[in-house]
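Given next are the chains, with one letter for each unit.
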Amino acid sequence: MIPPALTLAGIALVSLVCQLMAWRLRLPAILFLLLSGIMFGPVLGLISPDEFLGDLLFPVVSLCVALILFEGSLTLKFDQLKETGTMVRHLVTVGALVTWGVISVACYWLIGLDVALSALFGALVVVTGPTVVVPMLRTLRATPRISKVLRWEGILIDPIGALLALLVYGWIMSQAAGHNAFLASLAIFVQVIGIGTLAGIAGGHLMATAMRRHWIPEYLEVLASLALVLVMFSLSNHLVHESGLLTVTIMGIWLANAKGIDIEEILVFKEHLSVLLISGLFILLAARLDLDALLALGLPAVALLLVIQFVARPLAVWISSIGSELTWQERAMVAWVGPRGIVAAAVSAFFALRLEQAGYEDAALISALTFAVIIGTVVFQSATARTVAGLLKVTEPERRGILIIGANQVSRALGEVLQRLEVPLLLVDTHWDSIRQARMKGLRTLRGNPLSATVDSQLDLAGLGTLLTLTPEREWNALLNQHFRRDFPAHRIFTVRNERAGANERLQISSHHEGLPFGPEGFTYRKLSSLISQGARFKATTLSEGFSYEQWQVDAGKTRIPVLALTPERRLRMLSPGQSVEPIAGWTLIYLATGQDDKAGQAAEVVKREQEQEQSEQKKAPELPDAGTTPPAP
């Protein structure tokens, strides 16, 4: 038997490899984690969770699932639900119920599970989740409307689907408690729902009040929330068996919608914790799968997967899309993409453990079937979604827009010009004041840390093909450039220069990690910000045959600095020393006007344009008839 310390170290290493493979191949990490668990568990027999953890297996899994559900429920904000549109609201409500009903019936008839376990399985595989949808969307590159629907469905269905599964599970456990009578089972079910809801509201209200009134210092808020989640989960389970998961779900939803508090730090920590828990937990859970029992199902399991893909999902989307503005092609694409995710795997494994203890012999099949559905939907849809999108002609338009990290005064000034030229853009920043000022100018923004998993799942890159990191922190810009290399090619990543903090090169990052320079030599953020503060403004002018780029440079002198250009096809080109781009006639030049004599330069351009227009009109003017001849009749 492998020593426990070596087993833990091996799981950690395998988890890291799985996450790296997912990042490199742009596929959901859960796929590699589950396959690794199956390989090292039932296939090779190197990991046996029941022997490894013994009596601690159930408590460890239950606490991990509680934290995962709490982190997921922190993203469910009611105001966002109102802003997502009718289609998304129908998908996470009516669509979820339709999916649940169809899959439950199919499981009952095809697999042969009893009604209760079939209903539980149907509730579990309702959930998709952003961790599986977002990587697929980045490869798919569908239109913005499709991306928005799928992304928001994944974010909102996590806690809603988990809540549905918890209700079904509570009903099953109330019947398994030895109370065969309907009223007795109903009473236990009501107790689970009642105590779980009240405890969740109490825990959420207590944490929100403590943060709002500063009862605890900010650096302890994360620890306090973690401790309170574990305490409320355990206490709720002690009062009424199996009510703890509902408690932490309600607690997270309450905190997410509480007024006057900032849960961003808590959410960021929970994201990192969830990655750690998910990576190790799923390898252990997959290692417990009974492959023989699953393979023995054979064709019925394949038929169930086909029903989920080609019956349940299309029917739910069709009903949810009634009255929406989506075309039939867009609806078909939404119906094709619906991979199952992390919450389904974690909760199904927990329920399987608990139901096995309660005497349900077929409970292990629920976890095995759920994992099979996850692997099947992720692999099948990842392999076919891009082709289907191409056939339906719902891929996004050419990526001509720009993602700007930083909503400071420099970014806002540049964004105003780009927006007037109808260039798609998105400004991302962590500072609320900068975001607020950008929104007042009508710019599209997103507030949050670009490295955050939550922001990453909400980041809509549809139509954006260029990255510009425009912040005063050189190291931060370099880190962001490395992070977004999975989404942008190296020749489309640019960064503003920043002065080195000191002369000691050992304290500096390598230029290899930075993007291509933005603007000409010596164009640093400090200089750029100073010029903007002194009244410099980004402006645009269109070149022509009679007013070439060389002529513009002569007229501009040192008072106008070219930074970007827009081709007649509306493609964005950076005028960077790292790229050889020469604007020609028909291109729109975007430059920074820095001097007072720029007005004279503008006047000269106006004169040139008027002269060109007069010459053009003279060439196009029709010849007048000679004197004494009769003009032709109209």
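Here the structure is a predicted model, which means the values were calculated and not measured.

Scoring rules and cut-offs
- Residues numbered from 1 in each chain as written.
- Predicted model: local features only at pLDDT ≥ 70, side-chain atom pairs only at ≥ 80, totals over all residues.
- Heavy atoms only, no water.
- Helix = DSSP H or I, 4+ residues; strand = E, 2+ residues; numbered from the N terminus.
- Buried < 20%, exposed > 50% of the residue type's maximum accessible area, 1.4 Å probe, protein only.
- Contact = heavy atoms within 4.5 Å.
- Core = buried A, V, L, I, M, F, W, Y, C linked by side-chain atoms within 4.5 Å.
- Phe/Tyr/Trp six-rings, centres within 6.5 Å; stacked < 30°, edge-to-face > 60°.
- Lys NZ or Arg CZ within 6 Å of the ring centre and 35° of its normal.
- pLDDT = per-residue confidence, 0-100.
- Pairing = 2+ DSSP bridges.
- Axes fitted to C-alpha atoms, helices over the stretch in contact; angles between N-to-C directions.

### What to know about unusual backbone geometry
Here His214, not a glycine, exhibits a phi torsion of approximately 60°, which is positive. Note that His214 resides in the loop between α10 (182-212) and α11 (221-239). We classify His214 as exposed; its relative accessible area is 60%. Phi at Arg570 takes a positive value of approximately 65°, unusual for a residue other than glycine.

### Considerations on the environment of Thr567
Structurally, the position occupied by Thr567 is in the loop between β8 (560-566) and β9 (572-574). For Thr567, a relative accessible area of 4% puts it in the buried group. Placed 16 residues apart in sequence, Thr567 and Pro583 show a C-alpha to C-alpha distance of 8.2 Å. Those residues in contact with Thr567 that sit more than four places away from it in its chain are Arg573 and Trp587.

### A word on the nonpolar core
Among the nonpolar cores identified, the biggest contains 143 residues, and Phe282, Met333, Phe351 and Leu355 are the most heavily contacted of them. Excluding residues that lie within four positions of it along the chain, Phe351 makes contacts with Leu120, Leu124, Ala165, Leu166, Tyr169 and Leu245. Judged by nonpolar contacts, the second largest core, of 35 residues, contains Leu427, Leu470, Val496 and Ala536.

### Overview of the packing of aromatic side chains
Evaluated as defined, the whole model comprises nine aromatic pairs. Judged by centre distance (4.0 Å) and plane angle (10°), the ring pair of Tyr169 and Phe351 falls under stacked. Residue Tyr169 is found in helix α9 (residues 144-176), and its partner Phe351 is found in helix α17 (residues 342-357); the two are separated by 182 residues along the sequence. Summarising the burial analysis for this pair, Tyr169 and Phe351 share the class buried. An aromatic cluster is present here, built from Phe310, Trp336 and Phe380 joined pairwise through their rings. Arg560 extends its terminal NZ or CZ atom over the ring of Tyr591, reaching a point 5.8 Å from the ring centre.

### A look at the confidence of the model for the protein
Of the residues in the protein, 87% have a pLDDT of 70 or more, and the chain-wide mean is 80. Counting contacts from residues 597-601, a segment whose pLDDT is below 50, to residues more than four positions away or on other chains yields six contacts.

### Topic: the environment of Ile172
On the secondary structure map, Ile172 appears in helix α9. Looking at Ile172, the relative accessible area reads 1%, which means it is buried. For the pair Ile172 and Ala119, spaced 53 residues apart in sequence, the C-alpha separation works out to 9.6 Å. Apart from the residues within four sequence positions on either side, Ile172 is in contact with Ala116, Leu117, Leu120, Leu355 and Tyr360.

### Some words on the sheet that holds strand β5 (residues 493-495)
On the basis of which strands lie adjacent, the open sheet formed by six strands has the order β3-β2-β1-β4-β5-β6 and parallel pairing. Two strands in the sheet have a free side with no partner beyond their single neighbour: β3 (445-447) and β6 (516-517). Note: β5 against β6, two bridges, orientation parallel. Considered in β6, the bridge of Thr495 is made with Pro517. In the packing of helix α22 (residues 474-483) onto the sheet, contacts are made with β1 (401-405), β4 (464-469) and β5, and the angle to β4 comes to roughly 160°.

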